[in-house]
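Structural features, examined
Given next are the chains, with one letter for each unit.
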Amino acid sequence: MSEKSINVLYVDDEKDNLRAFTATFRRSFNVITALSSSDAELALANQDIHILITDQRMPVKTGTELLAHAVKKYPDKIRILLTAYADITCLEDAINIGHIYKYFKKPWHEEELRAAIEEGYKLFCLQKERDKLVKELENRTFEVNKILNQK
């Protein structure tokens, strides 16, 4: 696996955070950034995103609300919450509604976040492989049932 093949969408309403994230991880991953949840939703709809990392406190829609949207429309994306202002309700919602893979407090630790992105991508690939195998099994089962019904 080439790390550079991992597409990471980072969402934060603070431009300095987006710049810092990009500067830190651009050599390792394909970094896409969004200043808002609506920008993130466009990126999710139009790009092949593997890992979604979002801040919690943003205007209009919170990170948890974005994660909940992603669960419904893009359930295969690996979701990470990265925030400086987490409370217990926020974390409960991120886990129960946003189905997050990991949670990190700002400021992030580069190696921990890098490892989470890499592990998350492995999980993403395993899920894709599982889905492919399930589809193959369904197709074979259909074919076997078709043959059995003909006899």
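The preceding data block contains the structure.
Residues numbered from 1 in each chain as written. Predicted model: local features only at pLDDT ≥ 70, side-chain atom pairs only at ≥ 80, totals over all residues. Heavy atoms only, no water.

**Some remarks on the packing of aromatic side chains**
Note on aromatic pairs: each is described by the distance of the centres and the angle between the planes. This is how it is decided: Under the pairing criterion, centres of Phe, Tyr and Trp rings, with the six-membered ring standing for Trp, must be within 6.5 Å; the plane angle then separates stacked pairs below 30 degrees from edge-to-face pairs above 60, leaving the rest tilted. Helix and strand definitions here come from DSSP, where helices need a minimum of 4 consecutive H or I residues and strands a minimum of 2 consecutive E residues; each element is numbered from the N-terminal end. Buried residues are those whose accessible area, probed at 1.4 Å on protein chains only, stays under 20% of the maximum for their type, while exposed residues exceed 50% and partly exposed ones sit between those limits.
Tallied over the entire structure, the rule returns seven aromatic pairs. Where Tyr 10 meets Phe 21, the ring centres are 4.3 Å apart and the plane angle is 20°; that geometry is what we call stacked. A residue pair is termed long-range when its members are at least 10 positions apart, and Tyr 10 in strand β1 (residues 7-11) and Phe 21 in helix α1 (residues 15-25) qualify at 11 residues. On the basis of relative accessibility, which here comes to 0%, the residue Phe 21 falls in the buried class. Here Tyr 10 and Trp 108 contribute two aromatic rings whose centre-to-centre distance is 6.3 Å and whose plane-to-plane angle is 75°, an arrangement assigned as edge-to-face. Of this pair, Tyr 10 sits in strand β1 while Trp 108 sits in the loop between β5 (102-105) and α5 (110-150), and the two are 98 residues apart along the sequence. Of the two residues, Tyr 10 and Trp 108, both sit in the buried class.

**Some thoughts on the packing of α1 against α5**
Going by this rule: Orientation is described by axes fitted as lines to C-alpha atoms, over the contacting stretch for helices, and by angles from 0 to 180 degrees between their N-to-C directions. Relative orientations are named as follows: roughly parallel for angles under 35 degrees, roughly antiparallel for angles over 145 degrees, roughly perpendicular for angles from 65 to 115 degrees, and oblique for any other angle. Between two residues, a contact is recorded if the distance between any of their heavy atoms is within 4.5 Å. Each residue gets one label: Ala, Val, Leu, Ile, Met, Phe, Trp, Tyr, Cys and Pro are nonpolar, Asp, Glu, Lys and Arg are charged, and the others, such as Gly, are polar.
Interhelical geometry of α1 versus α5 gives an angle of 75° and a closest axis separation of 12 Å. When the axes of α1 and α5 are compared, the pair comes out roughly perpendicular. On α5, the residues that touch Phe 21, Thr 24 and Phe 25 of α1 are Glu 110, Leu 113, Arg 114 and Ile 117. Each residue belonging to the contact of α1 with α5 can be placed in one class, and the counts come to four nonpolar, one polar and two charged.

**As for the pattern of salt bridges**
Our working definition: By definition here, a salt bridge exists when the distance from a side-chain nitrogen of Lys or Arg to a carboxyl oxygen of Asp or Glu is within 4 Å.
On inspection of all chains with the given rule, the structure shows 10 salt bridges. Here Arg 19 and Asp 16 are joined by a salt bridge, their closest N and O atoms 2.8 Å apart. You can see Arg 19 and its partner Asp 16 sitting in helix α1, three residues apart, about one turn around the helix. In this structure, Arg 19 and Asp 16 share a single accessibility class: exposed. Shared partners join several salt bridges into a network, and the residues in it are Asp 12, Asp 55 and Lys 106.

**Here's the deal with the side chain of Thr 64**
Its location among the elements puts Thr 64 in helix α3 (residues 63-73). Setting aside its immediate chain neighbours within four residues, Thr 64 contacts Gln 56, Cys 90, Asp 93 and Ala 94.

**Describing α1**
Quick note on the threshold: What the arc measures is the spread of directions leading from the helix axis to the C-beta atoms.
If you check which residues of α1 are buried, you get Asn 17, Leu 18, Phe 21 and Phe 25. Down the axis of α1, the buried side of the element spans an arc of 100°, and every buried residue falls inside it. Opposite the buried face of α1, at more than 90 degrees from it, the exposed residues are Lys 15, Asp 16 and Arg 19.

**A look at the packing of helix α2 (residues 37-46) against α3**
Going by this rule: Working rule for handedness: look at the near helix, and if it is turned counterclockwise from the far one by less than a right angle, call the crossing left-handed; if clockwise, right-handed.
Two numbers describe how α2 lies on α3: the axes approach to 10 Å, and their chain directions differ by 20°. Judged by the inter-axis angle, α2 sits roughly parallel to α3. When the axes of α2 and α3 are compared, the crossing they make is right-handed. On α3, the residues touching Ser 37, Ala 40, Glu 41 and Leu 44 of α2 are Leu 66, His 69 and Ala 70. Among the residues making up the contact of α2 with α3, the classes are represented as four nonpolar, two polar and one charged.

**Observations regarding the sheet that holds strand β4 (residues 78-83)**
Whether parallel or antiparallel, the strands of a sheet pair through hydrogen bonds between backbone atoms. Test applied: A pair of strands is considered paired only if DSSP assigns at least 2 bridges between the two.
Pairing is parallel in the open sheet, where five strands are placed in the order β2-β1-β3-β4-β5. Taken across any chain shown, the strands that pair with only one partner, and hence form the sheet edges, are β2 (30-34) and β5. Averaged over all neighbouring strand pairs, the angle between strand axes comes to 20°, with direction disregarded. Alignment of strand β3 (residues 51-54) against β4, held across four bridges, turns out to be parallel. Opposite Leu 52, over in β4, you have Arg 79 as the bridge partner. Along the sheet, α1 makes contact with β1, β2 and β3, crossing β2 at roughly 175°. Contacts from α3 reach β1, β3 and β4 within the one sheet, and its direction differs from that of β3 by about 160°.

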